[in-house]
Structure formats: C-alpha cells, structure tokens
Amino acid sequence: MSRTIDMKQTLKNNGVLIVFFLICIGLSFLSPYFFTMNNILNIFRQTSIYGVIAVGMTFVILTGGIDLSVGSILALSGMICAGLMNNNGMSPLLASLIAIVVGGGIGLINGLLITLGKIAPFVVTLGMLTIVRGLTLIYSKGYPVSGFSPAFREIGGGYFLGLPIPAIIFIITVIIAWYILNHTRLGRYTYAIGGNEETVTLSGINVKFYKTMVYVIVGLASGLSALILTSRLNSAEAIAGQGYELDVIAAVVIGGTSLAGGRGSIIGTLIGALLIGVINNGMNLLGISPYFQQVVKGGLIIGAVILDRLRDESN
C-alpha cells in the first residue's frame, strides 16, 4: 500500500518531468535530427522567446490573475525599439532599455486598472491586448522595420561560450525569478495573495501594491522577450507575438502553477516551457502540418487546465 501511495505521489510531483523525458526519447527514435547539438540549441533559442514571458506570467498566475496582453506588449516594445534605432539613430542599448521600460509601463497600467479600478484581470488584459496591438499598428503605420546593427542582432542570434544568448537570457531570468519568489518579501506575498487574499489584506499588507507589481514584472518580461524576437528576425512587425499568450499560459500551468493561485514554481514553468518547445520542434521535424499543430496546441491548453483541476482536487 505504501509503495502505491509513494508511486502516486511521485507521479503527481514529477509527472510533467517524466512526460518531458518520454517525449524526448520518443522523438529521438522518430527523427535522427532531434538529439543533435544544433537542434537542442535551437530548441533552447526558440523556447526562450515565450519562456521569458512565462517566467513573468508565473508571478501573475500565482496571485490568481491572468495577463492576455503579453503578445501585444511584445509587439509594441519590439516596434518601438526598432523605430528608435532605425528612425532616430538611437544606440541599441538605450533603445533596448526603453523597450523594456515600455513593457513594464503597460504592465503598470494593467495592474492599476485591476487593483485601483477593481476590474477583473481577464477583462483588463483582454482590452489591453487590442489597445496595444492598435497602438503598434499606429506607430508602425502597418509597415515592418528591419535591418539592425550587428551588435543588436547578437541578442537573438549570437552565442556566448557555445550557448545561444537567448538561452542564457532565459536561464538568468529563471534564476532571478526563482530567487525573488523564494527569498524576498515580494515572493512570499505573491504566494500569500494567491492563497488567501482576504487574509493577507487583514494582515495589513498592501495587497494592491504587490498585485500591481506582478503585472509590471510580466510587462518587463514581455519587453525583454521582444528584444530577443526582434533581434533574431532582424525585423519588427506589428503582428509579432500573436498567440504567444496561449503558449505562455500553457507553459505556466503545465509546469504546475495553479490557475486559482497560491501554488506553483519557476522551475515548473521552466520545464513546462521546454516541454512545449520540444513538442513544437518535434512536430516541425516530423513535417506535421502547421494547421494540425494548432490543434495540438489547443489540446495542450485544455489538457493543462484539466491537469490543474485534478491537482487541486487531490490536495
């Protein structure tokens, strides 16, 4: 009996990691290119774009919130960065910093509308998704901006010590977020707010401030991701980031973060993001139709929600 219980507990705690390894093993048999070094590095490079945002989204979902505007924030941040460099002659470093700040600023607006305006996160961020996408189209007049300096292109396409720079950025983001969630007041209150917001409020903690901050964090992460994508493509487009919110939310929930808030981890998000990256890569290697890939992604999201519900019922 005890062995059965231990087995169930192991599957519950490490189920996603086990599935990740099983899929990797299966793909290694189905495609001779899967376990090549170039392909593994490519998976990390691709995963980093939405993985960085997923790290920020983990904070939001831990509080019981959601942010559907991250793809649009990515597009606007990337377009502003491109415009400042190509049209205004600004240095890549300063333009990149401004792009990240723009992302954080939109996150701040989201947070204030949710906390001070007392509007549901779903409604606020759904509206902001459309508003920010429209602002991107206005700013760009619908035209892409391309052709950046070699220094800027290194962000998305370069290597450092044999590793893709986007992967290094992703790993550093994971480490910083892990430290914040596990060793700072912001991290403790993020979990507490998701666990029982009313109790935290009665304890005298400024819940509005900390809830606003998590939206700033995901906004900053979206701005950072915009730099990776824009640099990698050597182009900024108004349609960039469309649908990214789905991959991001799926990565967080598959990684074990509860949509109800209060439970989850950055390491889980890392595994969830890599799992989605491996599945996307595997489907491309196997020549699966992009249309069918959309079906698989939709199934992943539904499966992630069902898994989240089962985890909540078992606790």
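I will try to describe carefully the structure that is included in this document. (Residues numbered from 1 in each chain as written. Predicted model: local features only at pLDDT ≥ 70, side-chain atom pairs only at ≥ 80, totals over all residues. Heavy atoms only, no water.)

1. Some points on the environment of tyrosine 191
Here is step 1: In this fold, tyrosine 191 is placed in helix α8 (residues 185-202).
Here is step 2: Each C-alpha atom, one on tyrosine 191 and one on leucine 62, is 6.0 Å from the other, the two residues being 129 residues apart in sequence.
Here is step 3: Discounting residues that sit within four places of it in the chain, tyrosine 191 has contacts with Leu62, Leu181, Gly262, Gly264 and Ser265. (Helix = DSSP H or I, 4+ residues; strand = E, 2+ residues; numbered from the N terminus. Contact = heavy atoms within 4.5 Å.)

2. Examining helix α11 (residues 266-285)
Here is step 1: The first and last C-alpha atoms of α11 sit 28 Å apart over 20 residues, in line with the 28 Å expected at 1.5 Å per residue.
Here is step 2: Counting buried positions along α11 yields 16 of 20 residues, so the element is predominantly enclosed.
Here is step 3: Taking the backbone nitrogen of glycine 268 as reference, a side-chain oxygen 3.0 Å away marks serine 265 as the first, capping residue of α11.
Here is step 4: Count one or two residues on from α11 and you reach glycine 287, which has phi positive near 70°. (Expected span 1.5 Å × (residues − 1). Buried < 20%, exposed > 50% of the residue type's maximum accessible area, 1.4 Å probe, protein only. Polar contact = N/O pair within 3.5 Å; in protein donor to acceptor, adjacent residues only side chain to side chain.)

3. What about the pattern of salt bridges?
Here is step 1: Taken as a whole and assessed by the stated rule, the structure comprises one salt bridge.
Here is step 2: Between lysine 211 and glutamate 197 there is a salt bridge, and its shortest N-O distance comes to 3.4 Å. On the criterion of sequence distance, the pair formed by lysine 211 in helix α9 (residues 207-233) and glutamate 197 in helix α8 is long-range, its members being 14 residues apart.
Here is step 3: Residue lysine 211 is classed as buried on the basis of its relative accessible area, which comes to 15%.
Here is step 4: For glutamate 197, a relative accessible area of 33% translates into the label partly exposed. (Salt bridge = Lys/Arg side-chain N within 4 Å of Asp/Glu carboxyl O.)

4. Quick word on the side chain of threonine 136
Here is step 1: Inspection of the secondary structure puts threonine 136 in helix α5 (residues 121-140).
Here is step 2: According to the relative accessible area criterion, threonine 136 is buried, its value standing at 0%.

5. Observations concerning the environment of methionine 37
Here is step 1: Mapping methionine 37 onto the fold places it in helix α2 (residues 37-62).
Here is step 2: Put simply, methionine 37 and alanine 95 are 58 residues apart on the chain and 33 Å apart in space, counted from C-alpha to C-alpha.

6. Let's talk about the packing of α8 against α9
Here is step 1: Packing of α8 against α9 leaves a shortest axis separation of 10 Å and a crossing angle of 130°. Between α8 and α9, the crossing angle belongs to the class labelled oblique. The handedness of the crossing between α8 and α9 is left-handed. Along the contact surface, α8 presents Arg185, Leu186, Tyr189, Thr190, Ile193, Glu197, Val200 and Thr201, while α9 presents Val207, Tyr210, Lys211, Met213, Val214 and Ile217.
Here is step 2: The residue inventory of the contact of α8 with α9, partitioned by class, reads nine nonpolar, two polar and three charged. (Axes fitted to C-alpha atoms, helices over the stretch in contact; angles between N-to-C directions. Parallel < 35°, antiparallel > 145°, perpendicular 65-115°, else oblique. Left-handed = near helix turned anticlockwise from the far one by under 90°. Nonpolar A, V, L, I, M, F, W, Y, C, P; charged D, E, K, R; others polar.)

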